[in-house]
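The lines below spell out each chain.
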Amino acid sequence: MKFTEEHEWLLTEGDLIVVGITEHATTQLGDIVFVELPEVGTTVTKDDEVVVIESVKAASDILTPIDGEIVAVNEALADTPALANEDPLGNGWFFKIKPSDPSQVDAYMDEAAYKDMIA
Amino acid sequence: MSDTLQTPLYDLHVALGAKMVPFAGYAMPVQYPMGVMKEHTHTREKAGLFDVSHMGQVIVKGSDFATAAKALETLIPANVLDLEQDRQRYGFFTNDTGGIMDDLMFANRGDHLFVVVNAACKQADIAHMQSNLDGVTVTEITDRALLALQGPSAEAVLASLNPRAATMRFMDVATLSLCGAECWVSRSGYTGEDGYEISVPSDHATILAQALLDHPDVAPIGLGARDSLRLEGGLCLYGHDIDTHTTPPQAALNWAIPKARRTGGARAGGFPGAAIILDQIANGASTKRVGLLPEGRAPMREGVQLFANPDDDAVIGHVTSGGFGPTVGGPIAMGYVPTDKAVVGTTIFGELRGKRLPIRVTTLPFTPANFKR
């Protein structure tokens, strides 16, 4: 698993990359009450705003960490946004992306480096 | 933030793990480890303890109660004179254009009025009273903290410290001994739940708060849940839902202006902006504060623009408070719309991230009030 400075995680799953946000991020955001996901089939470029998260406190944008095509979104979040708080690294995933350049993932931090950053 | 003030409960908040934020010049707890959503639900189901010591506590005193009451009536369109002893009311200071300078609670404490005003307005309110009230003294109380205990368990919890708490009705005030301190207690609050606000000497504030928190039903609650609770309760937040540009009729607060101060009443008018406010009571205002229920799940927060139709250019109003209502289980908001749209069931539209999403105009409050009348 790789991590971005924006507190997203990226997990390689076959030829797809699964993207979510870290527990540190969900703790900072507080209770998540709404998640707006992108349309499946959307072609995205790194740093595009693809997801909107609303917590009890505020709205936040999630940027796509890599270029590619959105091939799946976590529909369960629409009805149960709290999944992002309860299981951020698992059932709280946001979207799966088919990368146009898989090497973009390599630029991100490993878990040890991410833990150092949030320490 | 070196000039940020601390309430007498600051150390307790930190010890309880609160996230502290600056609010109206004070370091205040926005949430505790429980989190906003659970704190909100806990208050609705059991009881929450809030530190509201940042609010202004003021004594207005004349040669007798009537002198102080008549003086205060020159600044607020309320019936202060006929308020019975040991009773409290809601009111607001108005300005010459009929706008609201602040909202407040005032109580008849026998020989004086006890007034509670908003933290952000308190210096202005006190100066306003001192310069405009003749023949009375206006004194800010700075050696007392203010706690709020709110929720269905509040009565049992406070009665465990002093059984007299249970004999009070909604909007009663009383002096109660709690943990050995003389406390000024009102049966009121800002959550839509039954509960109390307790003015306690600063040196006893932590002892009292700790005694209340020792009860298994009581949890500490931060400003985050205080805001979602009052929003579900349909209660205005000064500086957001009401301000100097909104009049009481526009704000749907006519209920707080009694007959005695209206046209034809025993003491009609005689407060700043009376001509404008009384005309709007008689003939209606052009805009009105309403409850708004966004039909989707996306919260619509303060500042969201409102439209009559999905394709109109004209903005008809704005959301003044909005967010997620944990008890409602969905997004809720308040805002101002033209009076012809202020009809329950009307569908209007809010613009969120470039999209026009439907909103239903609804009645307030969003959750039923649970007062002990």
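Residues numbered from 1 in each chain as written. Chains lettered and ligands numbered in written order. Predicted model: local features only at pLDDT ≥ 70, side-chain atom pairs only at ≥ 80, totals over all residues.

### Brief notes about the overall build of chain B
Stage number 1. Each helix and strand in chain B was counted, giving eight helices and 20 strands.
Stage number 2. Residues classed as buried in chain B amount to 49% of the 373 residues present.
Stage number 3. Counting contacts in chain B only where the partners sit at least 6 residues apart, residues at least 24 apart contribute 66% of the total. (Helix = DSSP H or I, 4+ residues; strand = E, 2+ residues; numbered from the N terminus. Buried ≥ 20, exposed ≤ 12 C-beta atoms within 10 Å, placed from the backbone. Contact = placed C-beta atoms within 7 Å.)

### Examining the packing of helix α2 (residues 36-45) of chain B against helix α7 (residues 223-232) of chain B
Any two packed helices are characterised by the angle at which their axes cross and by the distance between the axes.
Residue and element names in this part refer to chain B.
Stage number 1. Contact geometry of α2 with α7 gives a least axis separation of 8 Å together with a crossing angle of 55°. It follows from the interaxial angle that α2 and α7 lie oblique. Helix-helix and strand crossings are classified by hand; for α2 and α7 the assignment is right-handed. Counted together, Val-36, Glu-39, His-40 and Thr-43 of α2 and Gly-224, Ala-225, Ser-228 and Leu-229 of α7 form the full contact between these two elements.
Stage number 2. A per-class count over the contact of α2 with α7 returns three nonpolar, four polar and one charged. (Axes fitted to C-alpha atoms, helices over the stretch in contact; angles between N-to-C directions. Parallel < 35°, antiparallel > 145°, perpendicular 65-115°, else oblique. Left-handed = near helix turned anticlockwise from the far one by under 90°. Nonpolar A, V, L, I, M, F, W, Y, C, P; charged D, E, K, R; others polar.)

### Some remarks on the nonpolar core
Residues and elements named next belong to chain B.
Stage number 1. Residues Val-60, Leu-72, Leu-113, Val-115, Leu-147 and Leu-149 are the most contacted members of the largest nonpolar core, which totals 96 residues.
Stage number 2. Those residues in contact with Leu-149 that lie beyond four places of it in its chain are Ala-47, Leu-49, Ala-154, Val-157, Leu-158, Gly-195, Tyr-196, Ile-198 and Leu-212.
Stage number 3. Of all hydrophobic cores here, the second largest spans 20 residues; its members include Leu-306, Ala-333, Tyr-336 and Ile-359. (Core = buried A, V, L, I, M, F, W, Y, C linked by C-beta atoms within 7 Å.)

### Considering the interface of chain B and chain A
As a measure of interface size, the accessible area lost when the parts come together is often cited.
Stage number 1. Listed as interface residues are 11 residues of chain B and, on the opposing side, nine residues of chain A.
Stage number 2. Residue assignment for the side of chain B that touches chain A shows that the elements contributing at least two residues are α2, α7 and β17 (315-325) of chain B.
Stage number 3. Residue classes in the side of chain B that touches chain A are distributed as five nonpolar, four polar and two charged.

### Quick word on the sheet that holds strand β13 (residues 195-201) of chain B
Residues and elements named next belong to chain B.
Stage number 1. Taken in spatial order, the six strands make up an open sheet running β11-β12-β13-β10-β4-β14, and their pairing is mixed. Here the strands that pair on one side only, and so sit at the sheet edges, are β11 (173-178) and β14 (218-220). Adjacent strand axes in the sheet meet at a mean angle of 30°, parallel and antiparallel pairs treated alike.
Stage number 2. Where β11 lies against strand β12 (residues 181-186), six bridges are found, and the strand directions are antiparallel. The partner of Leu-178 across the bridge, within β12, is Ala-181. (Pairing = 2+ DSSP bridges.)

### Quick word on the pairing of strand β10 (residues 144-150) of chain B
All names here are of chain B.
Stage number 1. Extensive coverage of β10 is indicated by the burial of seven of its seven residues.
Stage number 2. Across seven bridges, the pairing between β10 and β13 is antiparallel. Across the sheet, residue Ala-145 finds its bridge partner in β13, namely Val-200.

### Points about α7 of chain B
Stage number 1. A large share of α7 of chain B lies buried, amounting to nine of its 10 residues.
Stage number 2. Backbone geometry just downstream of α7 of chain B places Gly-234 of chain B in the positive-phi region, at approximately 70°.

### As for unusual backbone geometry
Stage number 1. Of note, the amide linkage connecting Leu-364 of chain B to Pro-365 of chain B takes the cis form, showing an omega dihedral of 0°.
Stage number 2. Along the polypeptide, Pro-365 of chain B turns up in the segment after β20 (355-362).
Stage number 3. You will see that Asp-47 of chain A, though not glycine, has its phi angle at about 80°, which is positive.
Stage number 4. The class for Asp-47 of chain A is exposed, based on 12 C-beta atoms found within 10 Å.
Stage number 5. Although it is not a glycine, Arg-353 of chain B adopts a positive phi angle of roughly 50°.
Stage number 6. On the secondary structure map, Arg-353 of chain B appears in the loop between β19 (347-352) and β20.
Stage number 7. Assessed through the 11 C-beta atoms surrounding it within 10 Å, Arg-353 of chain B is described here as exposed.

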